Amino acid sequence: MEEVISIQWFPGHMTRTKRQLAASLKLVDCVAEIIDARIPFSSRNPDLRKLINNKPRIVLMNKCDIADKTQNQKWIAVYKNAGITALPVDCKTGKGLNAFMPAVRTVLSDKIKAWEAKGMKGKTIKVMVVGIPNVGKSSFINKMVKQSKAKVEDRPGVTRGNQWFTIGKGFELLDTPGVLWPKFEDKIVGEKLAFTGAVRDQVIDTEGLAARLLLLLRDSYPDAIKTRYKLDADISELQGYEMLELIGRKRGMLISGGEIDTLRAAETVLDEFRGGILGKITLDRTEDYGAFRI
Ligand code: G4P
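Residues numbered from 1 in each chain as written. Predicted model: local features only at pLDDT ≥ 70, side-chain atom pairs only at ≥ 80, totals over all residues. Heavy atoms only, no water.

## What to know about the overall build of the protein
Logical step 1: On a plain count of helices and strands, the protein comes out with twelve helices and nine strands.
Logical step 2: The C-alpha atoms of the protein give 21 Å as radius of gyration, which agrees with the globular expectation for 294 residues (19 Å, within 12%).
Logical step 3: Its C-alpha atoms give the protein principal-axis dimensions of about 80 × 40 × 35 Å.
Logical step 4: The burial tally for the protein puts 48% of its 294 residues in the buried class.
Logical step 5: Excluding contacts between residues fewer than 6 apart, the proportion of contacts in the protein whose partners are at least 24 apart in sequence is 71%.
Logical step 6: For the protein, the separation between the mean place of its 48 positive charges and that of its 36 negative charges on side chains is 11 Å. (Helix = DSSP H or I, 4+ residues; strand = E, 2+ residues; numbered from the N terminus. Rg over C-alpha atoms; globule rule 2.2 N^0.38 Å. Buried < 20%, exposed > 50% of the residue type's maximum accessible area, 1.4 Å probe, protein only. Contact = heavy atoms within 4.5 Å. Lys, Arg positive; Asp, Glu negative; His and termini not counted. Charge placed at Lys NZ, Arg CZ, Asp CG, Glu CD.)

Listed below in structure tokens is the structure:
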């Protein structure tokens, strides 16, 4: 599986992004961190907590429409225990986004009170949006801008490429140009990013990847595979490739000579998982990752 994740975040890029982030932080009151609710641990930037220092943070658990509802709630509780507000959102439909601005106001309530005491009632709240690629950062910004029917403002920032969006009266979002990196040195994290399609184009071994996903699902969501692919056999002892063959056979995916087209089966499994067709699935469970510092 070594070849699965080959996205490179070069030290130079990371240093530049860190510098941009530090400069942009000075312009905002709060940071909105977007993560993928299917992999709340693996879709995080491992250095973010340190990078944003003591700036208030709110977490948007995006793609909650295709994540496990019970796990969504458990993750929200994990964040709550850490003193962080996490909101389940679906930036494809906009579900849950109404809660965003009120939640930020609550997170910043002390600061807002302090502004008011200084006569700065209604001072614009500025929030920086961050996330690793594919978590839905653009979808979030687009939805918020559309909902507010606001015009995108072209205002030069301190950092070149910074873009501001007005999303409500006295509310602005800052999109920064730098790309945040995931915990890419961790093989399991890399694999999960590949399962969700975050590193789709880098995948070389499609069948190997699908087989690994099936193995994971066999143990955590066996009914999802059994129902979708109409498997009556006991799959609890099967290996990933064996399940792939079973699925290919069930779906009549054959190549000349009657052999099973496991590549097509693998593409189907990955596509269906990514599209939420296999069901609402979370691969990073609080039972395994909830104790990590977030
Ligand atoms: P990014 O800026 O963080 O890189 O992410 P982007 O918004 O481009 O979203 C990445 C993919 O995730 C897109 O799918 C997008 O539609 C999908 N997505 C974003 N938010 C949600 C959500 O809440 N739920 C679901 N189910 N999907 C979401 P794509 O296949 O790359 O493109 P598209 O054809 O769907 O636009």
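## As for the domain arrangement of the protein
Logical step 1: The domain boundaries assigned to the protein delineate domain 1 (12-183) and domain 2 (205-274).
Logical step 2: The C-alpha-based centres of domain 1 and domain 2 are spaced at 37 Å. (Domains from an automatic or database assignment.)

## Section: the environment of glutamate 245
Logical step 1: Mapping glutamate 245 onto the fold places it in helix α10 (residues 240-250).
Logical step 2: You can call glutamate 245 partly exposed: its relative accessible area is 37%.
Logical step 3: In this view, glutamate 245 contacts Ile260 and Thr262; residues no more than four positions away in its chain are not counted.

## Re the site of the ligand
Logical step 1: If you check the shell around the ligand, you find 14 residues, and the closest are Asn62, Cys91, Lys137, Ser138 and Ser139.
Logical step 2: Aspartate 90 places a polar side-chain atom, nitrogen or oxygen, 3.0 Å from an oxygen atom of the ligand.
Logical step 3: In the environment of the ligand, an oxygen atom lies 2.6 Å from a nitrogen or oxygen atom belonging to the side chain of serine 139.
Logical step 4: Look at the ligand: alone it shows 710 Å² of surface, and the protein chains cover 63% of it.
Logical step 5: Looking at the shell around the ligand element by element, the count peaks at three residues for helix α6 (residues 137-148).
Logical step 6: Partitioned by chemical class, the residues of the shell around the ligand number four nonpolar, five polar and five charged. (Near = heavy atom within 4 Å. Polar contact = N/O pair within 3.5 Å; in protein donor to acceptor, adjacent residues only side chain to side chain. Areas by Shrake-Rupley, 256 points an atom, 1.4 Å probe, with all protein chains shown as cover. Nonpolar A, V, L, I, M, F, W, Y, C, P; charged D, E, K, R; others polar.)

## A few points about the nonpolar core
Logical step 1: Grouped together as the largest cluster of nonpolar side chains are 87 residues, with contacts concentrated most on Phe100, Val104, Val127, Phe140, Leu173 and Ile225.
Logical step 2: Built from parts of two domains, this core gets at least three residues from each of domain 1 (12-183) and domain 2 (205-274).
Logical step 3: The contact partners of valine 127, leaving out residues within four places of it in the chain, are Val28, Cys30, Val31, Ala32, Phe100, Val104, Phe171, Glu172, Leu173 and Leu174. (Core = buried A, V, L, I, M, F, W, Y, C linked by side-chain atoms within 4.5 Å.)

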